[in-house]
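# Descriptive structure summary
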Amino acid sequence: MFSKEIFSERIKYLRCKKNVKQSDVAEAVGITNRQISMMETGQRGPSAEVLCALADYFGVSLDYLTGRCDR
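This text gives an overview of the structure that appears in the document. Note that the structure is predicted; figures quoted are calculated from it, not measured.

Cut-offs applied
Residues numbered from 1 in each chain as written. Predicted model: local features only at pLDDT ≥ 70, side-chain atom pairs only at ≥ 80, totals over all residues. Heavy atoms only, no water. Phe/Tyr/Trp six-rings, centres within 6.5 Å; stacked < 30°, edge-to-face > 60°. Buried < 20%, exposed > 50% of the residue type's maximum accessible area, 1.4 Å probe, protein only. Lys NZ or Arg CZ within 6 Å of the ring centre and 35° of its normal. Helix = DSSP H or I, 4+ residues; strand = E, 2+ residues; numbered from the N terminus. Contact = heavy atoms within 4.5 Å.

For the rest of this paragraph, the subject is the packing of aromatic side chains. All told, the structure shown has 1 aromatic pair when counted by the stated rule. Taking 4.9 Å as the distance between ring centres and 80° as the angle between the ring planes, the aromatic pair formed by Tyr-57 and Phe-58 counts as edge-to-face. The partly exposed category is assigned to Tyr-57, whose relative accessible area is 22%. Stacked on the ring of Tyr-64, the Lys or Arg Arg-10 has its end atom at 4.2 Å from the ring centre.

It is worth spelling out helix α3 (residues 33-40) at this point. Buried within α3 we find Gln-35, Ile-36, Met-38, Met-39 and Glu-40. Buried-residue contacts for α3 involve α1 (4-18), α2 (22-29) and α4 (48-58). Once α3 finishes, Gly-42 follows within two positions and takes phi at roughly 80°, a positive value.

Here it is as structure tokens:
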């Protein structure tokens, strides 16, 4: 099951680990800065397309991003 809390924590963690700004991630996956900010704070979830783009950008699985696994 999708966990918005885990998703938001992992997106922020991965972004900080990669040392990039929210605007860099937003531009790379085709969304606005506001959208990525809202995802990091748990106010918004991603569409399927954005979820896949984020997984590709960070080099992680969809299961990891959504909290279905820890790797």
